[in-house]
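Descriptive analysis of the structure
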Amino acid sequence: MNQKSFPAVTMAALAIVIGSLTGCVIPLPSFGHCRSMAIPDTVPLGSISRAHWHTMEANGEANDFVIHRNEFVDNTSELSPYGRDHIAEIAARMSSSPFPVLVQRSWNNADPELDAIRRQLVVRVLTDLGNPDADQRTVISQPYTNGINSIEGQTDYNRFIRSRLFGNTGFGGGQGFGGGGGGVGF
């Protein structure tokens, strides 16, 4: 062995011995430092956004437990056919969901007596369908969202129809309309 390589070999051996004594798995060339084989401080792909999507899903499910004004016949406490179907769906899911049942109050809280009668009807139906805690979980309140008006609904409907006819890439997406399109040139 030549004299120049002896101190380097000695230092490497010394680093390995010290690293093994301190629990270092892979010693680095500089004396006294090692690379840890522990779990890195990074999180798996998608785990940060997963919480956001889970919250959005939970909020959507909570919105399923809102009984809107239009589910009653006019200004009465009688449920419409859709309202009867919706309350049956709520009753079926209520035992496995933590969400409260919201009965949408009248416009500007104009008729609190009607709201109370509607709440009692909803409680009675839910209790009859096997939910004994319906009285504690049913409240009169504004829904989580205001919904959309007729103009917004028409715009969304037209956008949906266009996307079904022409694809999701805008007008003419993939069919050759709007200046794309192939063909044979003469």
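To keep things clear, this report deals only with the structure shown in the data block.

What counts and how
Residues numbered from 1 in each chain as written. Predicted model: local features only at pLDDT ≥ 70, side-chain atom pairs only at ≥ 80, totals over all residues. Heavy atoms only, no water. Buried < 20%, exposed > 50% of the residue type's maximum accessible area, 1.4 Å probe, protein only. Helix = DSSP H or I, 4+ residues; strand = E, 2+ residues; numbered from the N terminus. Right-handed = clockwise from strand over helix to strand, strands pointing away. Pairing = 2+ DSSP bridges. Expected span 1.5 Å × (residues − 1). Contact = heavy atoms within 4.5 Å. Salt bridge = Lys/Arg side-chain N within 4 Å of Asp/Glu carboxyl O. Axes fitted to C-alpha atoms, helices over the stretch in contact; angles between N-to-C directions.

Description of the pairing of strand 4 (residues 101-104)
In strand 4, alternate side chains face the same way, and those of V101 and V103 on one face and L102 and Q104 on the other are all buried. As for the winding sense of the linkage, the β-α-β connection from strand 3 (residues 66-67) through helix 3 (residues 81-94) to strand 4 is right-handed. In the sheet, strand 4 pairs with strand 5 (residues 138-141) via four bridges, with the strands oriented parallel. Opposite V101, over in strand 5, you have T138 as the bridge partner.

A word on helix 4 (residues 112-128)
An ideal rise of 1.5 Å per residue puts 24 Å on 17 residues; helix 4 measures up with 24 Å between its terminal C-alpha atoms. Along helix 4, the residues classified as buried are L114, D115, R118, R119, L121, V122, V123 and L126. Buried-residue contacts for helix 4 involve strand 3, helix 3, strand 4, helix 5 (134-137) and strand 5. Two residues or fewer past helix 4, G130 is found with a positive phi of approximately 100 degrees.

Describing the pattern of salt bridges
Counted according to the given criterion, the structure contains five salt bridges. Between R137 and D133 there is a salt bridge, with the nearest N and O atoms lying 3.3 Å from each other. Since its relative accessible area comes to 15%, R137 is described here as buried. Assessed through its relative accessible area of 29%, D133 is described here as partly exposed. Residues joined in a network through salt bridges with shared partners are E61, D64 and R93.

Here we look at the sheet that holds strand 4
Strand order in the open sheet formed by three strands is 3-4-5, with parallel pairing between adjacent strands. Here the strands that pair on one side only, and so sit at the sheet edges, are strand 3 and strand 5. Here strand 3 pairs with strand 4 via two bridges, running parallel. In the strand pairing of strand 4, V66 is matched with L102. Together, strand 3, strand 4 and strand 5 form the strand contacts of helix 4, whose direction differs from that of strand 5 by roughly 155 degrees.

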